[in-house]
Amino acid sequence: MTARSQRILFWALVWFCILILSVPTVIVVGASFTTANMISFPPEGFTLKWYGKIALARDLQQAFVRSLIVSTVCLIASVPVGTLAGLALSRFKLRFANAIQIYLLLPFTVPLIGSGIGMMLVFGEWRVLGSLWPVGVALAVINLPFIIWSVSSSAGALDGDLELAASSCGAGRFETFWFVTLPGVMPGVITGGLLMFVLAMSEFLVSLLLTDARTVTLPVQIYNNIRSIITPDLAAVSSVFVVIALLAVWLLDRLVGLEIFLKSK
């Protein structure tokens, strides 16, 4: 196969993947502008009334606020732990480093239903089910490997001579960590933090198991609504999630740079 044919095949596969990944999003966003009372694509006409409807829907507003609270709790719980764990795994020769790396893969090998039921039993025993903070903590535990790997990647690229120079200039361990190490791994912290926030916003299964009728998050509220009838306002809510994801990517590009983000994966 010639170099030209290889390039053609490569770009054909790239555009095919882009098309497959984009079609569901295009359909959902397009259906949110339809004038019909049922989801349809191509949309029948063009209207923004469904966005106005979700803006006035009190149950969706409250569920969205709860999702923000859950994501904030997840961020607060995961960033300090993930940052320190990522630094420890990349900078220190731990005795069971390989075992720990394998252990971090468990959230991806154990089905979410299993993790969710385990969390439900633990928090049920503590009698805290029905509150929002257990949902945030549970999502932080399940998705913690993402921020650990992100920080570990940034720490691996950090020049160790900078820390030695700070120590030789009289800086203590805390000063070296605060003024040299932490700023050096900040791209990984920002990348992992934004990823944790978006994952917590969109997580459905664990939230379904850990919430009740008074504390449903936005994904659970959407699920409750589509059990009766699927209307274009639900497509509008899904479009809001798309906008949140795009804003996260834009923030990554502005604060970190997409190149660094991709390298951290």
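On a predicted model such as this, the values are computed, not experimentally measured, just so you know.

Q: Explain the environment of Met-196 to me, and be specific about the residues and the numbers.
A: By the element assignment, Met-196 lies in helix H9 (residues 173-202). In this structure, the C-alpha to C-alpha distance between Met-196 and Asn-37, residues 159 residues apart in sequence, is 35 Å. With sequence-adjacent residues up to four places away left out, Met-196 is seen in contact with Cys-74, Ser-78, Leu-139, Ala-140, Asn-143, Leu-144, Phe-146 and Ile-147.

Q: Give me the packing of helix H3 (residues 58-91) against helix H7 (residues 133-157): which residues, what numbers.
A: It is the contact of H3 with H7, at a shortest axis distance of 6 Å, that shows an interaxial angle of 35 degrees. The handedness of the crossing between H3 and H7 is right-handed. Grouping the amino acids of the contact of H3 with H7 by side-chain chemistry returns 19 nonpolar, 7 polar and 1 charged.

Q: Hey, could you go over the environment of Leu-234 for me, with residue numbers and the actual values?
A: By the secondary structure assignment, Leu-234 is in helix H12 (residues 232-255). Put simply, Leu-234 and Ser-115 are 119 residues apart on the chain and 28 Å apart in space, counted from C-alpha to C-alpha.

Q: So what's going on with the pattern of salt bridges? Which residues, and what values?
A: Under the criterion given, the structure shown has 1 salt bridge. Ionic pairing is found between Arg-214 and Asp-212, a salt bridge with its closest N-O pair at 2.9 Å. Among the residues examined, Asp-212 registers a relative accessible area of 24% and is labelled partly exposed.

Q: Could you give me a rundown of the side chain of Arg-66, with the residues and numbers involved?
A: Among the structural elements, Arg-66 can be located in helix H3. Look at Arg-66: it is buried, it has no salt bridge, and the nearest opposite charge is Asp-212 at 7.5 Å. A distance of 3.3 Å separates a polar side-chain atom of Arg-66 from the backbone oxygen of Arg-214.

Q: For helix H6 (residues 112-125), give the residues involved together with the corresponding values.
A: When the terminal C-alpha atoms of H6 are compared, their 20 Å separation across 14 residues agrees well with the 20 Å that a helix rising 1.5 Å per residue should span. All of the buried residues in H6 are Ser-115, Gly-116, Met-119 and Phe-123. All buried residues of H6 lie within an arc of 95 degrees about the axis, which places them on one face of the element. Of the residues in H6, the exposed ones pointing more than 90 degrees away from the buried face are Leu-121 and Glu-125. Residues of H6 that are buried make contact with H7 and helix H10 (205-210). In the stretch just after H6, Arg-127 is the one whose phi turns positive, near 60 degrees.

Q: Any chance you could break down the nonpolar core for me, citing the residues and the numbers?
A: Leu-139, Val-185 and Leu-210 are the most contacted members of the largest nonpolar core, which has 27 residues in total. Every element with two or more residues in this core is listed here: H3, H6, H7, H9 and H10. With 10 residues, the single largest contributor to this core is H7. Other than its neighbours up to four places away in sequence, Leu-139 contacts Val-70, Cys-74, Met-196, Ala-200, Glu-203, Val-206 and Ser-207. With 13 residues, the next largest nonpolar core counts Met-201, Ile-222, Leu-234 and Ala-236 among its residues.

Q: Account for the packing of aromatic side chains, naming residues and giving values.
A: Tallying each qualifying case throughout the model produces 6 aromatic pairs. Arranged with centres 5.7 Å apart and planes meeting at 80 degrees, the rings of Phe-123 and Trp-126 form a pair that is edge-to-face. Accessibility expressed as a relative area gives 4% for Phe-123, which makes it buried. Judged by relative accessible area, Trp-126 falls into the exposed class, the value being 54%. For the ring pair Phe-123 and Trp-133, a centre distance of 6.1 Å and an interplane angle of 85 degrees mean the geometry is edge-to-face.

Reading the values: rules and limits
Residues numbered from 1 in each chain as written. Predicted model: local features only at pLDDT ≥ 70, side-chain atom pairs only at ≥ 80, totals over all residues. Heavy atoms only, no water. Helix = DSSP H or I, 4+ residues; strand = E, 2+ residues; numbered from the N terminus. Contact = heavy atoms within 4.5 Å. Axes fitted to C-alpha atoms, helices over the stretch in contact; angles between N-to-C directions. Left-handed = near helix turned anticlockwise from the far one by under 90°. Nonpolar A, V, L, I, M, F, W, Y, C, P; charged D, E, K, R; others polar. Salt bridge = Lys/Arg side-chain N within 4 Å of Asp/Glu carboxyl O. Buried < 20%, exposed > 50% of the residue type's maximum accessible area, 1.4 Å probe, protein only. Lys, Arg positive; Asp, Glu negative; His and termini not counted. Polar contact = N/O pair within 3.5 Å; in protein donor to acceptor, adjacent residues only side chain to side chain. Expected span 1.5 Å × (residues − 1). Arc of directions from axis to C-beta. Core = buried A, V, L, I, M, F, W, Y, C linked by side-chain atoms within 4.5 Å. Phe/Tyr/Trp six-rings, centres within 6.5 Å; stacked < 30°, edge-to-face > 60°.

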